[in-house]
Amino acid sequence: MDAAQSTAPARRTVIRAGAVAAAALTVCPRTAAAAATAPPVAAAAPPPAAAGAADLPLRSDRGSQGDILAGSRKDHACLLFLRFREPVLARRWLRRLLPEISTTEEMARFNAAFSAARVKAGGTDPASLSAQWTGLSLTHAGLAFLAGRDPFPALPAGSTAEAFAQGPAERAEALGDTGDSSPDSWLFGGEGPHRAVHAILNLAADDPRKLAQAVDRHQQALGPAQGVLVFRQDAGTLAGALRGHEHFGFTDGISQPGVRGFHAPDPATGNTVLGKPGARLVPAGEFIVGQEKAGNRPAGLPAWATGGSFQVVRRLAQDVPGWWAQARERLADLKRAGAAPADATDTWLAARLVGRWPGGTPVAGCPLAEQPCPAGTGPTAVSYRDDPQGWHTPLFAHIRKGNPRDGLVPALGRPPLDPAVTDGHRIIRRGIPYGPAYDPAQESGRGTNGASRGLVFIGYQADLVQQFEFVAKQWINEPDFPAGRNPRTGADPVLGPGSPVTFESESGSGGRATTLRFGRFIRTEGALYAFTPSIPALRELAEGRLDVSVEVHAGTVLRAGDVLDAGDARLTLGADGDLVLLDPSGAHRWSAGTAGKGSEAAFSRDGELTVRDADGKAVWSSGTTGHPGARLLVRPGGDVVILDGDRVLWRAGEGHAG
């Protein structure tokens, strides 16, 4: 699915949807018309291994953990939520674990080989290729425990550092986790400090027997480390017709963001992924701290975060029979209002709640019934530019609420904004179902009296506030998004809180609005914020070290009002254009002397810090050009330095004027 979190269908639903699609292969006029006029679809991208390392440098990254960009893509997974009692023993455990942690390069290389073999085998998974992956993430409490210090020198209000330190339980109400989804009932993440989770060990494999052996081995290793298993979450791809789907019956994981430097660009556009028309390439710094961010914005995070990613883990329980019963009831409401075809099925409405048919076909291109994708292709990207009223893809549809793409309008009647404005709100999603598929023959009635089932949502981003939390609060759960409509659009009926939604449809007079009320059939049963550090950062942690200096990464641009807060030292570009270093009282420790002249400050990839005027001309420089790979750090001790390795190239503060 296409939002901050995902969901899934019942076997009976998929079979019925498939039958409807088979009967409607010739009655999809919008798709047929588009196919007649559209240029040929680009061939699938060549195996990533064929791309040059210089063109896609992130594919050969051995420093970042692989699940962030490459994805484990395994049918079987197990998450172990751990807590430790003794820091020295926990660090020893971490040192022994380090060689097992899977890198981006390893996963990308294997995934490319696996995909190529699968294509060669006509779509069948190659039995000769198998792998097991290991990932490790640490909570705020876990980082502090291993390092013996707070991982942040400061927690600026509204920052991602503050969100990470507080965790989702403290922020539950703002995120919509209330009522049955409140932390009081969570299986993990809502416990008191005595049961706080320190680490999440993420194990995944093709072979369930090998995964079971790995899980057993890692659980046994907890004894000598004085580690405690707080919670164990098993998960796995659903079998048979539901393979690749979530429990509600819809294909999951469609339309992930493309990542610059990892996914090959389409030469025809330069800003979309090769072989995936419409899939935008997003700057890698939106997912990996230290890479270029959209707009060259500063990350404002400590040095230990470089090369890693913030991780959101949520256990989302799904009431499958309740959700589908609700779809039937609301469809009856639509038919009584004359807003749905007389022969429409509950799958017809469910597809509009999601924005796609169960197999992944967008309802915008195929409104009557699902059509299978051509051999060797997958579900296409969706455009909303020509659908401002939501007549084809409802404005409340799950995929549209979670990613408005090119259909985000600032006000009614205004043209859509450039899709680039949403780049800073994208998330890489790694959801996987847990629990058995719903079987109506074994479970009767409406509700959650049957087996426990749902989705383990894992999301990666460089900024918790502007990515996961923004999407959840400003889009998914917000009834007035898109804003300014009367009646209001309503919250996401798949994932959001129960609310009325406005079903807009064409009519003889132009359009009609029908109000439908939806309840909540997905319940949060656990949530954590963690961080997936780079391998070098984990090595430092294993020795009890953690560099909390705030790092200004190469390519970063500071604009008026930006503040990089390292506690006892704050680097900022003032409203008057002066780049200054302040102490906690706000007094100047150092100034570039650019008041009245500066417009922005930039740290180049050649190692130079420069203040530029409105015309882009340098009005001050650190004079350190010619040092690619140099680092700019704002240190809690009270100074700011540019380092080439261990050598200080430039320093300001604590009596140094630079």
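Bear in mind the structure is a predicted one, so any value in this text is a computation, not a measurement.

**Quick word on the overall build of the chain**
Looking only at helices and strands, the chain features 14 helices and 26 strands. Here the chain, with 658 residues, has 54% of them falling under the buried criterion. Residue pairs at least 24 apart in sequence account for 67% of intrachain contacts in the chain once pairs closer than 6 positions are excluded. Of the roughly 26400 Å² of accessible surface on the chain, a fraction of 52% belongs to carbon and sulfur atoms.

**What about the confidence of the model for the chain?**
Per-residue pLDDT for the chain averages 89, and the proportion of residues at 70 or more is 88%. Note that pLDDT drops below 50 for residues 1-51; the model gives that stretch 128 contacts with residues more than four away or on any other chain.

**Concerning helix H9 (residues 208-221)**
Under the 1.5 Å per step criterion, the end-to-end length of H9 is 20 Å for 14 residues, consistent within 8% with the ideal 20 Å. Those residues of H9 that sit buried are Leu 211, Ala 214, Val 215 and His 218. What you see down the axis of H9 is that its buried residues fit within an arc of 100°, all on one side. Facing away from the buried side of H9 by more than 90 degrees, the exposed set consists of Arg 209, Gln 213 and Gln 220. Residues of H9 that are buried sit in contact with strand E1 (76-84), helix H4 (87-97), strand E2 (132-138), strand E3 (199-205) and strand E4 (227-236).

**Focus: the packing of H4 against helix H6 (residues 140-147)**
Viewed as axis vectors pointing N to C, H4 and H6 meet at an angle of 105°, and their least axial separation amounts to 8 Å. As the angle between them shows, H4 and H6 are arranged roughly perpendicular. Contacts from Pro 87, Ala 90, Arg 91 and Leu 94 in H4 reach Phe 145, Leu 146 and Ala 147 in H6. When grouped by side-chain class, the residues that make up the contact of H4 with H6 number six nonpolar, no polar and one charged.

**A look at the sheet that holds strand E17 (residues 563-565)**
If you walk across this open sheet you meet the four strands as E17-E18-E19-E20, and the pairing is antiparallel. Two strands bound the open sheet, and with one partner strand each, they are E17 and strand E20 (588-591). Taking each pair of neighbouring strands and ignoring which way they run, the sheet shows an average axis angle of 15°. Relative to E20, strand E19 (residues 579-582) runs antiparallel, the two sharing three bridges. Counted as the bridge partner of Leu 582 is His 588 from E20.

**Things to note about the pairing of strand E25 (residues 639-644)**
For E25, the buried fraction is high: five of the six residues fall into the buried class. Relative to E25, strand E24 (residues 631-635) is paired through five bridges, and the arrangement is antiparallel. Paired with Leu 632 across the strands is Ile 642, a residue of E25. Counting the residues between successive antiparallel strands, the hairpin from E24 to E25 contains three residues, one of them, Gly 638, with a positive phi of roughly 120°.

**A look at the nonpolar core**
The biggest cluster of nonpolar side chains holds 91 residues, and the ones touching the most others in it are Phe 84, Trp 93, Leu 136, Trp 323, Trp 348 and Leu 541. Excluding residues that lie within four positions of it along the chain, Trp 93 makes contacts with Leu 82, Phe 84, Leu 136, Ala 221, Leu 222 and Ala 225. Membership of the second largest hydrophobic core comes to 36 residues, among which are Ile 68, Val 259, Ile 428 and Ala 530.

**Brief notes about helix H14 (residues 535-542)**
One turn of the α-helix equals 3.6 residues, which is why residues spaced by three or four share an orientation. Those residues of H14 not exposed but buried are Ile 535, Ala 537, Leu 538, Leu 541 and Ala 542. Here the buried residues of H14 occupy an arc of 155° about the axis, which is enough to place them on one side. The inward-facing, buried residues of H14 contact H4, E2 and H6. At the N-terminal end of H14, a side-chain oxygen is found 3.1 Å from the backbone nitrogen of Ala 537, two or three residues along, and the residue is Ser 534. Positive backbone phi, at 80°, marks Gly 544, one or two positions downstream of H14.

**Concerning the packing of aromatic side chains**
Two numbers describe a pair of aromatic rings. These are the distance of the centres and the angle of the planes. Evaluation of the coordinates by the stated rule reveals 24 aromatic pairs. With a centroid separation of 6.0 Å and 80° between ring planes, the pair formed by Phe 152 and Phe 164 is classed as edge-to-face. Note that Phe 152 is positioned in the loop between H6 and helix H7 (160-170) and Phe 164 in helix H7, a separation of twelve residues in sequence. The exposure class of Phe 164 is buried, given its relative accessible area of 2%. Chaining the aromatic ring pairs together yields one cluster made of Phe 152, Phe 164, Trp 304, Phe 310 and Phe 531.

**Digging into unusual backbone geometry**
For the bond running from Phe 481 to Pro 482, omega is -5°, close enough to zero to count as cis. Secondary-structure assignment places Pro 482 in the loop between helix H13 (465-476) and strand E12 (499-505). For the peptide bond that leads from Asn 486 to Pro 487, omega is 0°, which places it in the cis range. Here Pro 487 shows up in the loop between H13 and E12.

**Re the pattern of salt bridges**
Scanning the entire structure with this criterion turns up 31 salt bridges. The salt bridge partner of Arg 217 is Glu 100, with a shortest N-O separation of 2.8 Å. Here Arg 217 is found in helix H9, whereas its partner Glu 100 is found in the loop between H4 and helix H5 (104-120), with 117 residues between them in sequence. A residue is classified by how much of its surface remains accessible, and Arg 217, at 40% relative accessible area, is partly exposed.

**Some thoughts on the packing of H4 against H14**
Contact geometry for H4 and H14: axes closest at 8 Å, N-to-C directions at 145°. Crossing hand, H4 versus H14: left-handed. Packed against H4, whose contacting residues are Arg 91, Leu 94 and Arg 95, the element H14 presents Leu 538, Leu 541 and Ala 542 at the interface. Taken together, the residues of the contact of H4 with H14 sort by class into four nonpolar, no polar and two charged.

**Thoughts on the sheet that holds strand E7 (residues 276-282)**
Strand pairing in a sheet is mediated by backbone hydrogen bonds. Such pairs are either parallel or antiparallel. Strand order across the open sheet formed by three strands is E5-E7-E6, with mixed pairing between neighbours. Two strands lie at the open edges of the sheet, namely strand E5 (258-259) and strand E6 (272-273), each paired on one side alone. Alignment of E5 against E7, held across two bridges, turns out to be parallel. When the bridges of E7 are listed, Val 259 appears paired with Val 282.

**Things to note about the environment of Phe 231**
With respect to the helices and strands, Phe 231 occurs in strand E4. Under the relative-accessibility criterion, Phe 231 is labelled buried at 16%. Separated by 150 residues in the primary sequence, Phe 231 and Phe 81 place their C-alpha atoms 5.1 Å from one another. Excluding residues that lie within four positions of it along the chain, Phe 231 makes contacts with Leu 79, Leu 80, Phe 81, Leu 187, Phe 188 and Arg 315.

**Remarks on the pairing of strand E26 (residues 647-652)**
Regular strands have side chains that alternate between both faces of the sheet. Relative to E26, E25 is paired through five bridges, and the arrangement is antiparallel. The residue of E26 that forms the bridge with Leu 643 is Val 648. Joining the antiparallel neighbours E25 and E26 is a turn of two residues, in which Gly 645 adopts a positive phi near 70°.

Rules behind the numbers
- Residues numbered from 1 in each chain as written.
- Predicted model: local features only at pLDDT ≥ 70, side-chain atom pairs only at ≥ 80, totals over all residues.
- Heavy atoms only, no water.
- Helix = DSSP H or I, 4+ residues; strand = E, 2+ residues; numbered from the N terminus.
- Buried < 20%, exposed > 50% of the residue type's maximum accessible area, 1.4 Å probe, protein only.
- Contact = heavy atoms within 4.5 Å.
- Areas by Shrake-Rupley, 256 points an atom, 1.4 Å probe, with all protein chains shown as cover.
- pLDDT = per-residue confidence, 0-100.
- Expected span 1.5 Å × (residues − 1).
- Arc of directions from axis to C-beta.
- Axes fitted to C-alpha atoms, helices over the stretch in contact; angles between N-to-C directions.
- Parallel < 35°, antiparallel > 145°, perpendicular 65-115°, else oblique.
- Nonpolar A, V, L, I, M, F, W, Y, C, P; charged D, E, K, R; others polar.
- Pairing = 2+ DSSP bridges.
- Core = buried A, V, L, I, M, F, W, Y, C linked by side-chain atoms within 4.5 Å.
- Polar contact = N/O pair within 3.5 Å; in protein donor to acceptor, adjacent residues only side chain to side chain.
- Phe/Tyr/Trp six-rings, centres within 6.5 Å; stacked < 30°, edge-to-face > 60°.
- Salt bridge = Lys/Arg side-chain N within 4 Å of Asp/Glu carboxyl O.
- Left-handed = near helix turned anticlockwise from the far one by under 90°.

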